[in-house]
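# Reading the structure
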Amino acid sequence: MRRPRMLAGVVATALAASVVLAVTAPTVVAAPVAPVAFTSNSLATWQTDGIVWAMAQAGGKVFAGGSFTAIRPPGTAAGGAGEQPAVNFAEFDAATGDPTGCGLSFTVSSGTATVRALAVSPDGRTLYAGGYFDHVNGAYVNSLVAIDIATCALKPGFAPQVNATVRTITPTATGVYFGGDFTSVDGQTRTRLAQVTTDGTLTGWAPTADKPVRASVLSPDGSMLVVGGDFDRLDGADSHALGIVDAATGATAKTYPLGFIEQNSVVKALTSDATGFYTGNEGTGGGVFDGRIAIDWSTLGQRWRDTCLGATQAVISYQGVLYAGSHTHDCSSMGEQPDGRRQHLIAEPTTTGMELPWAPDTNDGIGEQIGPRALTIATEDDQPYLWVSGEFTTVNGTAQQGLTRFGTGPDKAPPTAPAMGSTSSVGAGTVQLRWLASTDTDDGTLSYSVYRDGSTTPVWTGTAASYWWSRPQVSFTDSGLAPGSYHTYRITASDGTNVASSPVYTVKSGTATSGYAARVVSDGANLYWRYDEPSGGFIGDSAGEHNGTFNGGGTYRDGTGALTGDPSYPLGLNGSTGFVATAAAQPTPSQYSVETWFKTTTRSGGLLVGFGNSPTAASSSYDKHVYMTNSGQLVFGVYSGGTQTVTSPAAYNDGAWHHVVATQGADGMALYVDGLRVGRNAAVTTSQQYTGYWHVGGDSLGSWPNQPSSAFFQGDVDETAVYPSVLSAAQVAAHYDLGSGASVAPGPSDPYGKAVYGDAPDSYWRLDESSGYTAADASGNDNTGVYGLDVARGTASAVAGTTDTAATLDGNFFSIVSSATATAAPAVYSTELWFRTTGTQGGKLIGFGDSQNGMSGTFDRHVYMTNDGHLVFGVRNAEADTVTSPAAYNDGAWHYLVATQGADGMKLYVDGAAVASNGVSANRSYTGYWRVGGDNLSGWPQAPTGDFFRGGVDEAAVYSTELTAAQVAAHYAAGAR
């Protein structure tokens, strides 16, 4: 007896299914699914022993031409039973795939004969064949012949003499247009384009192309012939790879100059319908165009362009769908399949050019190893068949050479069986099942059913869309179960005809609820990886549909997880190859937060979390990332006209669990570690724009500041989340508190303190310590200050509503408060301070300088008092840029000052009102310290007698944002006595 597989239940995760799926009976899906007309399962078809370059059809017959010597039954190896000679040409029954008995042998006296073009006359009676040959069934010809379809014989008298290969043929009722490599027909100059009458007589129609013509198609009214190929000039005009000539005169009707199609791309195929024509392109080298273009007949302008990479060799339009033969391998520019697997047959609507869920496939095959070379649609007894020919030797993984075909049914291609990715509980008595959507080669939307405990009645049904290259997570939450009880589950996927079933899984329901996980989900995470999977490469998303793929470079369930009191597991990464990336690409977010827990002792750094344009760890565009330097510091970086970073002052490679959050939005960049903000850059609100993938553990880091030795992180990661919003400082602190069991110090409770704290200062020194040398940071960001030896403490606070105290400064070197650690001078900032004095020696109240104590050599962003009590706010550019208050404030009363600088210039506020401003937004970049009470003022306008302030100071705050006039007024109102 087969035992069911066991997957242990773990802790709480998302509160709803990751893909919103209707709880209804499974949809019965017809196959094939409109607008695709054909199923993906191939039909039995005779094969060739070589390449089939061209096909045409008429009256239930399919004609195949190329480079081969024999045909054989399906399922038979070359040289096997039933093989028949067929020299470069064969005819088949469209409905059965069997040969009809029409045998024509195309040969050449010197070289290698090949048939490269086949086309049928509008009346369906004549097949025209072109290529490189000089005999058919022993009769002398020269690269272009007409064949009577009814008798399978050459038409007598049709004998144009073409001096090189014919690659395309477009018949009309009165003649035949053809193109190729030739330069003469019947001894007359015809440069790669010509026309003969139906009896083979050369006409005067003679446009020219400077390089081979490979494809042609006639407009619906017969007035224009579209031509494609390798050429750069058409009738002497700049028209690269594509152009239109007048069907009557040969004059150029429309050119497509170089640039419309890239220089290293050519047109290999053309097809048309009543609304437009479509190109199939092949490029060579880097930056190529390999895709397809739709062009409207009405305007001769582009309708859409498919920029997938992987040379297109054949296209055909049928009932609103463009079918293409190629070796498509990278459609990331279209938001579709990433670079990797080659897909040789695709379908897309003629209206949009976006890929449809139809994916039969061939291999590359022989020759140039490109796969399909030609497509045609033949009808017999009102049933259409899509025929495919080329270089391939397998179809849908089964041996089949040169030819294959697809019909309208029955659908014999089942979905892949659902495979459980992960299970967990969302609380007591619940189970969440998560699995990758199944794939089906001709159905984009599948129906799913979940069965519990052996029942034949599903407990849940729903649908989900998927492609082979985009398999979203599907999830179902089962509730109302006994806490800690065991249950079995089976999942089925159906395309309406075929059903595939998963194994049976045994899962334990939850016994408790994780407050941390619930908070992550309620705060809006749209990606949440908990890493509780036991194996398999699938990383389930407990909040959205952004499941990840782990490449195996590390250890599942690597010990105890980051969360206190939560029995979850971390993912161990090996530091050399291990990483996780989202399975599907997504656009760059305009605002976001990234969050993860980590533990490491590495000395080689590495990426913790970031965004890159490749699902591998080798992105060419990469930012929105947090990485660790060799020293253990954390760097949050984005690319916005250059690398923009925020770096933690401390190192975190100490072997303990740490919590990191990085945010970017309208308020700029912020970096938090263990619940506290450790860095900020309010000026950088944008990042590089590209479609990409979230990575954890590894991706490119080339050219970033303090680049670590390794791009891969060695250590444990846990509880990674991404949000489409900016988490607030309070939310970050709450997450850390819930996860660590510790507590980030709460913000102030008095009215003034709450007002300042609520506007997110970088540092906030309340100066209420009674002793010691550390000025505590009430901002929650741990940006403490250092008291000088001569700072007196204990006087009554400047602000109302608190019992806190203020500091008194003595006007000397040792009577200041300065930052404990150096930071980069902000480009946008606000400084805020309460002060009082009766002095007449002036002095600096607050400012930035490159020395923590003593006299700075570089200094500005300061507010100082003149001898007569006026306030001066200044920055240094080419010269000192200052604004000065009209009034004096050395009257012995407490006053409130704010100085701001941003894009709209400098502003000075006193006691809640603006008193001076200018338009100077520029300032110098250097590293230094914020200082309260004094610093160098040498060379500044109205420099006071003393550089150091004598008087009371209180409530010093610095922001990396520009406080608004309303915020300033609100702060003053909250603090004024």
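Residues numbered from 1 in each chain as written. Predicted model: local features only at pLDDT ≥ 70, side-chain atom pairs only at ≥ 80, totals over all residues. Heavy atoms only, no water.

## Brief notes about the pattern of salt bridges
Short version of the rule: Whenever a carboxyl oxygen of Asp or Glu lies within 4 Å of a side-chain nitrogen of Lys or Arg, that contact is scored as a salt bridge. Secondary structure elements are taken from DSSP: a helix is a run of H or I of four residues or more, a strand is a run of E of two residues or more, and numbering for both begins at the N terminus.
In total, this model carries 26 salt bridges according to the counting rule given. Between arginine 373 and glutamate 391 there is a salt bridge, with its nearest N and O atoms 3.2 Å apart. Of this pair, arginine 373 sits in strand β34 (residues 372-380) while glutamate 391 sits in the loop between β35 (383-390) and β36 (394-395), and the two are 18 residues apart along the sequence. The partner of glutamate 719 in a salt bridge is arginine 530, with the nearest N and O atoms 2.9 Å apart. A residue pair is termed long-range when its members are at least 10 positions apart, and glutamate 719 in strand β62 (residues 714-723) and arginine 530 in the loop between β47 (527-529) and β48 (538-539) qualify at 189 residues. Overlapping salt bridges, with partners in common, bring together Asp750, Arg766, Asp804 and Glu955 in one network.

## Things to note about the sheet that holds strand β15 (residues 153-154)
Note on sheets: strands pair through backbone hydrogen bonds, and any given pair is parallel or antiparallel. Going by this rule: When DSSP finds at least two bridges between two strands, those strands are taken to pair.
Ordered by their spatial adjacency, four strands build an open sheet running β10-β11-β14-β15, and the pairing between neighbours is antiparallel. Of all the strands in the sheet, the pair left with one neighbour each is β10 (114-120) and β15. Both strand β11 (residues 126-132) and strand β14 (residues 144-148) contribute to a ladder of five bridges, which runs antiparallel. Residue pairing for β14: glycine 130 is matched across the bridge by leucine 144.

## Thoughts on a nonpolar patch on the surface
Rules: Each patch is built from residues that are more than 30% exposed by relative accessible area and take part in no salt bridge. Like charges join if they lie within 9 Å; nonpolar side chains (Val, Leu, Ile, Met, Phe, Trp, Tyr) join within 5 Å. For accessible areas, the Shrake-Rupley method is used with a probe of radius 1.4 Å. Any residue's cover is judged against the shown protein chains and nothing else. Throughout this description, buried means an accessible area under 20% of the type-specific maximum (1.4 Å probe, protein chains only), exposed means over 50%, and partly exposed covers the range between.
A cluster of nonpolar side chains, namely Tyr773, Leu789, Phe813, Phe814 and Met855, defines an oily patch on the protein surface of about 550 Å² accessible area. Relative to the assigned elements, phenylalanine 813 resides in the loop between β67 (805-810) and β68 (817-819). The exposure class assigned to phenylalanine 813 is partly exposed, which follows from its relative accessible area of 42%.

## So, the sheet that holds strand β33 (residues 343-349)
This is how it is decided: All axes here are fitted lines through C-alpha atoms, helices being fitted over the stretch that makes contact, and every angle between N-to-C directions spans 0 to 180 degrees.
Taken in spatial order, the three strands line up as β31-β32-β33 in an open sheet, and their pairing is antiparallel. The open sheet has two free edges, formed respectively by β31 (312-318) and β33, since each of these has just one partner strand. Direction aside, neighbouring strands of the sheet carry axes that sit 20 degrees apart on average. Direction of pairing for β31 relative to strand β32 (residues 321-328): antiparallel, over a ladder of six bridges. Directly across from alanine 314, in β32, lies its bridge partner glycine 325.

## Considering helix α1 (residues 515-522)
The condition that has to hold: In this description, the arc belongs to the directions extending from the helix axis to the C-beta atoms. Contacts between residues were defined by any pair of non-hydrogen atoms, one from each residue, lying within 4.5 Å.
For α1, the complete set of buried residues consists of Tyr516, Ala517, Val520 and Val521. With its buried residues spanning 130 degrees around the axis, α1 presents them on a single face. The elements touched by buried residues of α1 are β47, β53 (592-599), β58 (658-665), β62 and α2 (729-740). Among the residues trailing α1, glycine 524 stands out with phi positive, at a value near 100 degrees.

## Regarding unusual backbone geometry
Comment: phi is negative for the bulk of residues other than glycine, and the bulk of peptide bonds are trans. Residue proline 410 is reached from glycine 409 by a cis peptide bond, and omega for that bond is 0 degrees. Turning to its location among the elements, proline 410 is positioned in the loop between β38 (403-406) and β39 (420-424).

## Side note on the pairing of strand β16 (residues 166-171)
Judged by how many residues are buried, β16 sits mostly within the fold: five of six residues are covered. Summarising the sheet, β16 and strand β17 (residues 175-180) pair through five bridges and their orientation is antiparallel. If you follow isoleucine 169 over to β17, its bridge partner there is phenylalanine 178. Where β16 hands over to β17, the hairpin turn is made up of three residues, counted between the paired strands.

## What to know about the UniProt feature "domain: Laminin G" (unreviewed entry) in the protein
Our working rule: UniProt positions are given in the numbering used here, feature names are shortened, and annotations may be inferred rather than shown by experiment.
When the UniProt feature table is mapped onto this chain numbering, "domain: Laminin G" (unreviewed entry) sits at residues 806-977. Taken end to end, residues 806-977 is 6% helix and 49% strand, and its first and last C-alpha atoms sit 15 Å apart.

## Remarks on the state of the cysteines
One way to say it: the disulfide is the covalent bond shared by the sulfur atoms of two cysteines. Defined as follows: We call a pair of cysteine sulfur atoms a disulfide when they lie within 2.5 Å.
As enumerated under the stated definition, the model contains two disulfides in all. Two residues, cysteine 102 and cysteine 152, share a disulfide whose sulfurs are 1.8 Å apart. Its S-S torsion of approximately 75 degrees makes the covalent link between cysteine 102 and cysteine 152 right-handed. Remark: cysteine 152 occurs in the loop between β14 and β15 and cysteine 102 occurs in the loop between β8 (89-93) and β9 (106-107); sequence separation between them is 50 residues. Here cysteine 308 pairs with cysteine 331 through a disulfide, and the sulfurs are 2.0 Å apart. Measuring handedness by torsion sign, the sulfur bridge of cysteine 308 and cysteine 331 sits at about 120 degrees and is right-handed. Here the residue cysteine 308 occupies a position in the loop between β30 (302-306) and β31, and cysteine 331 occupies one in the loop between β32 and β33, the gap between them amounting to 23 residues. Like cysteine 331, cysteine 308 is buried. Here the cysteine-cysteine linkages of the protein are recorded as 1-2, 3-4, numbering only bonded cysteines and doing so in sequence order.

## A closer look at the confidence of the model for the protein
Here is the rule: Per residue, pLDDT measures the predictor's confidence, with a range of 0 to 100.
Across the protein, the average pLDDT comes to 93, with 97% of residues at 70 or higher. Confidence drops under a pLDDT of 50 for residues 1-31, and excluding neighbours within four residues, the segment shows 97 contacts in the predicted structure.

## Examining the nonpolar core
Heads up, the rule is: Think of a nonpolar core as a cluster: buried Ala, Val, Leu, Ile, Met, Phe, Trp, Tyr and Cys residues, connected wherever their side-chain atoms sit within 4.5 Å.
Membership of the largest hydrophobic core comes to 36 residues, with the highest contact counts inside it found for Val863 and Leu871. Apart from the residues within four sequence positions on either side, valine 863 is in contact with Lys844, Leu845, Ile846, Leu871, Val872, Phe873, Leu897, Ala899 and Leu908. Phe550, Leu608, Phe611 and Val646 belong to the second largest nonpolar core, which has 35 residues in total.

## Regarding α2
To keep things clear, this is the line we draw: One fewer than the residue count of a helix, multiplied by 1.5 Å, yields its expected span.
Here α2 contains 12 residues, and its C-alpha end-to-end distance of 16 Å stays within 8% of the 16 Å for a straight helix at 1.5 Å per residue. Every buried residue of α2 is listed here: Gln731, Val732, Ala733, Ala734, His735, Tyr736 and Gly739. Residues of α2 that are buried in the fold lie against α1, β53, β58, β59 (668-673) and β62. Looking at the residues trailing α2, positive phi occurs at glycine 741, about 80 degrees.

## Some thoughts on the packing of aromatic side chains
Stated formally: Each pair of aromatic rings taken from Phe, Tyr and Trp, with Trp reduced to its six-membered ring, is defined by centres within 6.5 Å and is described as stacked if the planes are under 30 degrees apart, edge-to-face if over 60, and tilted in the remaining cases. Only Lys NZ and Arg CZ are tested; either one counts as a charge over a ring when it is within 6 Å of the ring centre and within 35 degrees of the ring normal.
Applying the stated rule across the entire model yields 36 aromatic pairs. Centre to centre, the rings of tryptophan 597 and tyrosine 736 are 6.0 Å apart; their planes meet at 15 degrees, and the pair counts as stacked. Taken as a pair, tryptophan 597 in strand β53 and tyrosine 736 in helix α2 lie far apart in primary sequence, 139 residues in all. For tryptophan 597, a relative accessible area of 1% puts it in the buried group. Aromatic ring contacts, followed pair by pair, group Phe38, Tyr318, Tyr323, Trp358 and Phe406 into a single cluster. In this structure, lysine 254 packs its charged tip against the face of tyrosine 256, placed 5.3 Å from the ring centre.

## So, the packing of α1 against α2
Heads up, the rule is: For classification, angles of less than 35 degrees are called roughly parallel, those exceeding 145 degrees roughly antiparallel, those between 65 and 115 degrees roughly perpendicular, and all remaining angles oblique. Note: crossing handedness is left-handed where the near helix turns anticlockwise from the far helix by less than a right angle, and right-handed where it turns clockwise. Amino acids outside the nonpolar list (Ala, Val, Leu, Ile, Met, Phe, Trp, Tyr, Cys, Pro) and the charged list (Asp, Glu, Lys, Arg) are all regarded as polar, and Gly is one of them.
Close contact between α1 and α2 brings their axes to 8 Å; oriented N to C, the two are set at 160 degrees. When the axis of α1 is compared with that of α2, the two are roughly antiparallel. In this structure, α1 crosses over α2, and the sense of that crossing is left-handed. Each of Gly515, Tyr516, Arg519 and Val520 in α1 lies in contact with α2, whose residues at this interface are Gln731, Ala734, His735, Leu738 and Gly739. Across the contact of α1 with α2, the residue classes tally to four nonpolar, four polar and one charged.

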